[in-house]
Amino acid sequence: MPKLCVNIDHVATVRQARRIKEPDPVFAALLAELAGAAGITCHLREDRRHIQDEDVVRLKAMVKTRLNLEMAVTEEMLKIAEDISPHMVMFVPENRQEVTTEGGLDIKRNLKRVKAATERMKAAGLKVSHFIDPEIVQIDAARECGANVIELHTGAYAEALTENDRLQELQRLEAGVLHASLNDQRINAGHGLNLRNVGPIAAIQGISELHIGHSIVSHSVLVGFERATREMLDAIIRGELLGARYTPAQVLTLFSP
Ligand code: PXP
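Residues numbered from 1 in each chain as written. Predicted model: local features only at pLDDT ≥ 70, side-chain atom pairs only at ≥ 80, totals over all residues. Heavy atoms only, no water.

Chemist: Got a minute to help me understand the overall build of the protein in this structure?
Modeler: When its secondary structure is counted, the protein shows 12 helices and eight strands. What you see for the protein is a C-alpha radius of gyration of 17 Å, in line with the 18 Å of a compact globule of 257 residues. Here the protein holds 257 residues, and 51% of them are scored as buried. Of the contacts formed within the protein by residues at least 6 apart in sequence, a portion of 68% connects residues at least 24 apart. Of the roughly 12100 Å² of accessible surface on the protein, a fraction of 53% belongs to carbon and sulfur atoms. Taken as two groups, the 31 positive and 35 negative side-chain charges of the protein have centres that lie 3 Å from each other. (Helix = DSSP H or I, 4+ residues; strand = E, 2+ residues; numbered from the N terminus. Rg over C-alpha atoms; globule rule 2.2 N^0.38 Å. Buried < 20%, exposed > 50% of the residue type's maximum accessible area, 1.4 Å probe, protein only. Contact = heavy atoms within 4.5 Å. Areas by Shrake-Rupley, 256 points an atom, 1.4 Å probe, with all protein chains shown as cover. Lys, Arg positive; Asp, Glu negative; His and termini not counted. Charge placed at Lys NZ, Arg CZ, Asp CG, Glu CD.)

And the structure:
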């Protein structure tokens with residue numbers, strides 16, 4: 001079954017709306033762990049719009065499972081990762097104007113820079129993940145860079161407007177997972193996943209972890225953080241169990257409105 005890593009950035013987004021101390025993303029991380037999350041993820045953005053440097057230090061001290069630090073490939077972030085030493089760094093593209101991470105990293109085009117950064121992080125004892133679109137060239141480029149794991153971007157699947165587009169995106173992800181598995185690459189996935197669309201993704205064999213943030217935080221405002229995390233875990237388990245009997249495309253039809 002894919003494990004669930006909970007991204008707590010948007011707890012900090014609510015806090016930063018008032019620039020005070022609550023809600024505390026560290027508390028949310030601990031509640032997610034209590035509910036069964038296998039890891040906690042935070043994204044320290046260049047503009048510090050949600051997670052702050054001090055949060056990362058406190059998360060590192062308090063998280064009992066694994067702390068994943070999502071970050072742009074910049075000198076500033078590489079240095080912070082070396083200082084804080086999270087379990088894993090997750091390289092993502094970053095653009096100041098975007099409301100969330102838009103596309104995957106173009107590793108093919110930035111091979112030299114990403115490879116050097118990957119090697120530097122690995123030399124510091126950190127695992128390295130590359131967040132990429134489910135494209136064969138990017139999957140192969142991540143392998144060439146020596147990434148320990150790739151995270152396939154599920155945003156196009158999550159945002160597809162028609163059943164047909166959703167099916168196509170699901171099949172693109174499935175093909176990416178198959179290609180990477182055949183090359184012994186470890187595969188995570190995430191972005192835009194929620195209680196309604198996670199099932200077919202959890203039904204794909206070979207995904208190690210799902211990284212989910214916004215939908216858990218939004219649901220938690222109404223039902224509490226532990227319950228929101230548990231409900232997501234239940235949805236993943238349901239999808240994975242269905243995946244043992246049906247193809248992901250069939251699971252998609254089961255979840256169609
Ligand atoms: N994975 C990566 C690399 C991300 O950038 C994000 C968003 O911060 C997520 C997963 C989680 O996406 P969402 O908040 O849409 O669940």
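After that view of the structure, there is still more to cover.
Chemist: Help me understand the pattern of salt bridges in this model?
Modeler: Side chains that differ in charge, positive against negative, can pair when their charged atoms come close. Within the structure shown, the criterion is met by 16 salt bridges. Salt-bridge contacts for D55 lead to R15; the nearest nitrogen and oxygen are separated by 2.6 Å. Of this pair, D55 sits in helix 3 (residues 53–62) while R15 sits in helix 1 (residues 9–18), and the two are 40 residues apart along the sequence. Taking the shortest distance from any N to any O, the salt bridge between R230 and E226 comes out at 3.5 Å. Of the two residues, R230 and E226 are both situated in helix 11 (residues 225–245); the distance of four residues between them amounts to about one turn of the helix. The exposure class of R230 is partly exposed, given its relative accessible area of 39%. Members of the salt-bridge network, linked through shared partners, are R15, D24, D55 and R58. (Salt bridge = Lys/Arg side-chain N within 4 Å of Asp/Glu carboxyl O.)

Chemist: What's the story with the site of the ligand in this structure? I'm lost.
Modeler: Around the ligand sit 12 residues, and of these E70, E151, G192, G213 and H214 come closest. Note that an oxygen atom of the ligand is positioned 2.8 Å from one of the backbone N or O atoms of G213. For the ligand, whose free accessible area comes to 400 Å², the fraction covered by protein is 94%. Classifying every residue of the shell around the ligand gives three nonpolar, seven polar and two charged. (Near = heavy atom within 4 Å. Polar contact = N/O pair within 3.5 Å; in protein donor to acceptor, adjacent residues only side chain to side chain. Nonpolar A, V, L, I, M, F, W, Y, C, P; charged D, E, K, R; others polar.)

Chemist: Just to check I follow, could you spell out the pairing of strand 6 (residues 149–153) for this structure?
Modeler: Residues in a regular strand project their side chains so that they alternate between the two faces of the sheet. Of all five residues that make up strand 6, five are buried, and the element is covered over most of its length. Residues V149, E151 and H153 of strand 6 are buried on one face, and the alternating residues I150 and L152, pointing to the opposite face, are buried as well. Where strand 5 (residues 127–132) meets strand 6, four bridges bridge the pair, whose relative direction is parallel. What sits directly across from F131, in strand 6, is E151. (Pairing = 2+ DSSP bridges.)

Chemist: For this particular structure, what's the right way to read helix 8 (residues 163–182)?
Modeler: Each α-helix winds once per 3.6 residues, and so residues spaced three or four apart point in a common direction. For helix 8, which comprises 20 residues, the first-to-last C-alpha distance of 28 Å matches the rise-based estimate of 28 Å (1.5 Å per residue) to within 8%. Of the residues making up helix 8, those classed as buried are R166, E169, L170, L173, G176, V177 and A180. The buried residues of helix 8 all sit within an arc of 120° when viewed along its axis, so they share a single face. Turned more than 90 degrees from where helix 8 packs its buried face, N164, L178 and L182 sit exposed. Lining the buried residues of helix 8 we find helix 6 (136–145), strand 6, helix 7 (155–159), strand 7 (186–190), helix 9 (198–202) and helix 12 (248–255). The first or second residue beyond helix 8 is D184, which carries a positive phi of 65°. (Expected span 1.5 Å × (residues − 1). Arc of directions from axis to C-beta.)

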